[in-house]
Amino acid sequence: MSAGDAGPPRWAVPVTLALSVAGLGTSAYLTYTHYAEPAALACPDTGVVNCVKVTTSSESMVGPVPVAVLGIVFFAGMLLLSLPWMWRARNPWVSRARLAGVAVGMVSVLYLVGVELLSLHAICLWCTAVHVLTFALFVACLAAASEWSEVRSGR
């Protein structure tokens, strides 16, 4: 196999799959509690750490859609783009879609953290878990793309 035929770094598939699955599960839990009973969240609801305040605020919705549902859509898309055959796809649009997806995810995280800290003055631990998973997925995708690019260029 030549450098031009090299696949993604060996760690990229399992790491991005694990992060996507964890994010999907966490977003699904937040969505379930949004519709079932927000107070059922396993998280404090007083003081600075207040999941109920964050998840029931007007900022937790984008129009009629809860942000947690958008998290499901994001992580489901990233899960699809993290499948082994998607990492090996020769079409450059797959890699571009993966990088664009994590970039949009990070912009969303930065906005949502800003809302939590500056507007709501409260933090949701479950939301923070989603933010950390998104950041880790962002770093993993960038690192894999960079490493793969160096291998393909023969550096």
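In what follows, the structure referred to is the one given above.
Residues numbered from 1 in each chain as written. Predicted model: local features only at pLDDT ≥ 70, side-chain atom pairs only at ≥ 80, totals over all residues. Heavy atoms only, no water.

**Student:** Break down the overall build of the protein chain for me, citing the residues and quoting the values.
**Tutor:** If you tally the helices and strands in the protein chain, you get 6 helices and 2 strands. Listed by position from the N terminus, the elements making up the protein chain come as α-α-β-β-α-α-α-α. Each principal axis of the C-alpha distribution contributes one length, and for the protein chain these read about 60 × 25 × 25 Å. A sequence separation of at least 24 residues applies to 75% of the contacts in the protein chain between residues at least 6 apart. When the accessible area of the protein chain is evaluated, it comes to approximately 8,300 Å², of which 71% is carbon and sulfur surface. In the protein chain, 8 side chains carry a positive charge and 7 a negative one; their mean positions are 17 Å apart. (Helix = DSSP H or I, 4+ residues; strand = E, 2+ residues; numbered from the N terminus. Contact = heavy atoms within 4.5 Å. Areas by Shrake-Rupley, 256 points an atom, 1.4 Å probe, with all protein chains shown as cover. Lys, Arg positive; Asp, Glu negative; His and termini not counted. Charge placed at Lys NZ, Arg CZ, Asp CG, Glu CD.)

**Student:** Explain the state of the cysteines to me, using residue names and the numbers behind them.
**Tutor:** Counted by the stated rule, this structure contains 1 disulfide. One disulfide in the model links C43 with C51; its S-S distance is 1.9 Å. One quick way to see it: the torsion about the S-S bond of C43 and C51 is about 70°, and its sign makes the bridge right-handed. Each member of the pair, C43 together with C51, is buried. (Disulfide = S-S within 2.5 Å. Buried < 20%, exposed > 50% of the residue type's maximum accessible area, 1.4 Å probe, protein only.)

**Student:** Mind laying out the side chain of E116, listing which residues take part and the relevant values?
**Tutor:** Structurally, the position occupied by E116 is in helix α5 (residues 92–120). In this structure E116 touches V54, H121, A122, I123, C124, C127 and H131, once residues within four positions along its chain are discounted.

**Student:** Run through the environment of V69, naming residues and quoting values.
**Tutor:** In this structure, V69 sits in helix α3 (residues 67–81). By relative accessible area, V69 is classed as partly exposed at 23%. For the pair V69 and Y32, spaced 37 residues apart in sequence, the C-alpha to C-alpha distance is 9.4 Å. With residues near it in sequence (within four places) discarded, V69 still touches T31 and Y35.

**Student:** So what about the nonpolar core? Which residues, and what values?
**Tutor:** Core analysis: the largest hydrophobic core is formed by 24 residues, its most contacted members being L30, V54, F75, M78 and L137. Of all the secondary structure elements, the ones that give two or more residues to this core are α1 (12–36), α2 (51–55), α3, α5 and α6 (125–153). Looking at this core, the element that brings in the most residues is α6, giving 6 residues. Discounting chain neighbours no more than four positions away, the residues touching L30 are L41, T55, A68, W126, C127 and V130. Listed in part, the 5 residues of the second largest apolar core include A12, V13, W87 and A144. (Core = buried A, V, L, I, M, F, W, Y, C linked by side-chain atoms within 4.5 Å.)

Keep in mind these numbers describe shape, not what the thing actually does.
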